[in-house]
Amino acid sequence: MVPILTEEERRQNLDKALKARRERAEVRAKLASGEMSVDDVFRLADDGNEAILRMPVESLIRSLPGYALSRAQKLMKRLRIAQSRRIRGLSTRQRNELLEALGGNSDEA
């Protein structure tokens, strides 16, 4: 059942969602520019950053230079990561293999 929200609650939820989308976009831009690494993203997730925890893994991979849709999907298939998986849902094995494949340091994960 869909909850009935007041206009104020609805506005707060929309603002919260917009803030999370902007934060994820900023992280993707930093990944693309090389200003941030995959290790850094996982550190943010470990610190409990909800916006990052809800980021799709495919979006994370595609933000990296040289990874378009096809290459990202092949990597995810090879690592047995579902298309719908978000960073929060990665197993330790998947996370370590992803870090290794993307040149990160899996010892810190």
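See above for the structure.
Residues numbered from 1 in each chain as written. Predicted model: local features only at pLDDT ≥ 70, side-chain atom pairs only at ≥ 80, totals over all residues. Heavy atoms only, no water.

Draft legend 1. Here's a closer look at the packing of aromatic side chains. Using the criterion set out here, one finds zero aromatic pairs in the structure. Here the basic side chain of Arg71 rests over the ring of Tyr67, its NZ or CZ set 4.1 Å away from the ring centre. (Phe/Tyr/Trp six-rings, centres within 6.5 Å; stacked < 30°, edge-to-face > 60°. Lys NZ or Arg CZ within 6 Å of the ring centre and 35° of its normal.)

Draft legend 2. Molecular detail of the environment of Arg22. Secondary-structure assignment places Arg22 in helix α1 (residues 7–33). What makes Arg22 exposed here is its relative accessible area of 56%. For the pair Arg22 and Ala51, spaced 29 residues apart in the sequence, the C-alpha separation amounts to 9.1 Å. (Helix = DSSP H or I, 4+ residues; strand = E, 2+ residues; numbered from the N terminus. Buried < 20%, exposed > 50% of the residue type's maximum accessible area, 1.4 Å probe, protein only.)

Draft legend 3. Representation of unusual backbone geometry. Look at Arg80: it is not a glycine, yet its phi comes out positive at around 60°. Inspection of the secondary structure puts Arg80 in the loop between α5 (69–78) and α6 (92–101). A relative accessible area of 54% means that Arg80 is categorised as exposed.

Draft legend 4. Spatial organisation of the environment of Leu5. Tracing the sequence through the fold places Leu5 in the segment before α1. With sequence-adjacent residues up to four places away left out, Leu5 is seen in contact with Arg10 and Asn13. (Contact = heavy atoms within 4.5 Å.)

Draft legend 5. Quick look at the pattern of salt bridges. Counted according to the given criterion, the structure contains eight salt bridges. The partner of Glu7 in a salt bridge is Arg10, with the nearest N and O atoms 3.4 Å apart. Of this pair, Glu7 and Arg10 both sit in helix α1, separated by three residues, roughly a single helical turn. By relative accessible area, Glu7 is classed as exposed at 56%. A relative accessible area of 41% places Arg10 in the partly exposed class. Glu97 is the salt-bridge partner of Arg93, the closest N and O atoms lying 2.8 Å from each other. Separated by four residues within a single helix, Arg93 and Glu97 lie in helix α6, roughly one turn from each other. Classification of Glu97 as partly exposed rests on a relative accessible area of 29%. Ionic contacts of the salt-bridge type, sharing partners, join the residues Glu50, Arg54 and Arg88 into one network. (Salt bridge = Lys/Arg side-chain N within 4 Å of Asp/Glu carboxyl O.)

Draft legend 6. Focus on α6. Buried within α6 are the following residues: Gln94, Arg95, Leu98 and Leu99. Buried residues of α6, seen end-on, are gathered within an arc of 130° and therefore sit on one face of the element. Seen from the buried face of α6, the exposed residues on the opposite side, beyond 90 degrees, are Thr92 and Glu100. Tucked into the core, α6 has its buried residues touching α2 (38–46), α4 (57–62) and α5. Where α6 ends, the next residue or the one after it, Gly103, has phi of about 85°, a positive value. (Arc of directions from axis to C-beta.)

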